[in-house]
Amino acid sequence: MRYMKIIIPKKFLKEVEEILKCNNAYSISIIQPLKTSIDDGIIITCNAEAKDAESIVLELKKLGLGEKGYGSVTIMPANITFSCRDEGMASTTLSPLELYYKAKTMVKITKNVIIKVILASIMGVIGLIEHNIPTLIGAMIIAPLVDTVMGSAIGTVLGDKKLFIEGMKKELICSGVVIICALIPSLFFVSKGLVMQYLSETSILLSAIVAIIAGISGGMSIASGKDYEIIGVTIDVSILIPALLMGMALATGDLYLIYITFILLALNIILLDIGGYIGLRYKLGKSKSLIKY
């Protein structure tokens, strides 16, 4: 495995992005530092297999890389790394390409993701049945639903239709898993009155406000390259609880309750995505190093 540090003029960024994508580079980071060895330089770091790294270098040479004023490439063992962002030498806003690769990871549906969603759903429905707030909070911390929302939001911001569809697909699948996990125990332990009680205590307007605020905060945090687990809890509130309530409503067989919980869940998902888009667009728009993807 090789770690590559590439310094290029900003005007060659799109060409280099394509070279890296076509040669299986990953963990790609694009930084516009305060100063480089060339004018208007961009630093790109990535990892690649040795044979892929060799192919990348050959392709870069065709662009004139290595000639005076056209940058350089440094290759070293992958366990030796350096981050300009961590050292405070670059913008704290992720580049479009970094967001793209981050979103590609977010939209993947893995066994671990499904297991966590199932565990969170079981805890969540128990918390609702027992009116146990700590259990509900624990369920929202476990639930990995923040990635499903932010993945599709990033796809929207980057204008990547495929990425958006993959994000929405994961969003709907995870919501479906929550609904099914809530439905099964609710057939035995949930009454129509319990669902009505929760719905009577839920304001659709306030729930919508929370969803869009959570989406904006999540988008800003991800675009800043910061951890977003705490904000993710708020995002989980806007998906997990409505999905649990819909599963409980399905168990009652009451069409009115099913309709209301469906509207609540659909509205929250839409507003979370809108909020994520707003947060991401704001951060990217404020970044001086914004490079259109």
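Residues numbered from 1 in each chain as written. Predicted model: local features only at pLDDT ≥ 70, side-chain atom pairs only at ≥ 80, totals over all residues. Heavy atoms only, no water.

A. Spatial organisation of the pairing of strand 3 (residues 41–48). Counting buried positions over the eight residues of strand 3 gives eight, a clear majority of the element. Here strand 3 shows two buried faces, one formed by Gly41, Ile43, Thr45 and Asn47 and the other by Ile42, Ile44, Cys46 and Ala48. Of the strand pairs in this sheet, strand 1 (residues 2–9) and strand 3 are connected by eight bridges, and their pairing is antiparallel. Each bridged residue has a counterpart across the sheet, and for Met4 the counterpart in strand 3 is Cys46. Sheet analysis places strand 2 (residues 26–31) next to strand 3, joined by four bridges and oriented antiparallel. (Buried < 20%, exposed > 50% of the residue type's maximum accessible area, 1.4 Å probe, protein only. Helix = DSSP H or I, 4+ residues; strand = E, 2+ residues; numbered from the N terminus. Pairing = 2+ DSSP bridges.)

B. The arrangement of helix 8 (residues 192–200) in detail. Those residues of helix 8 not exposed but buried are Leu194, Val195, Tyr198 and Leu199. Summarising the axial view, the buried residues of helix 8 lie within an arc of 135°, below the 170-degree limit, and thus occupy one face. (Arc of directions from axis to C-beta.)

C. Just the environment of Pro242, in detail. As for its position among the elements, Pro242 is in helix 10 (residues 229–252). When the C-alpha atoms of Pro242 and Thr202 are compared, they prove to be 9.9 Å apart, with 40 residues separating the residues in sequence. Discounting residues that sit within four places of it in the chain, Pro242 has contacts with Val237, Thr261, Leu264, Leu265 and Asn268. (Contact = heavy atoms within 4.5 Å.)

D. How the structure looks around a nonpolar patch on the surface. Among the surface-exposed residues, Ile180, Ile184, Leu187, Phe188 and Phe189 lie close enough to one another that they form a single nonpolar patch of about 600 Å² accessible area. Checked against the element boundaries, Leu187 lands in helix 7 (residues 161–189). (Patch = residues over 30% accessible without salt bridge, like charges linked within 9 Å, V, L, I, M, F, W, Y side chains within 5 Å. Areas by Shrake-Rupley, 256 points an atom, 1.4 Å probe, with all protein chains shown as cover. Salt bridge = Lys/Arg side-chain N within 4 Å of Asp/Glu carboxyl O.)

Structural measurements only, silent on function.
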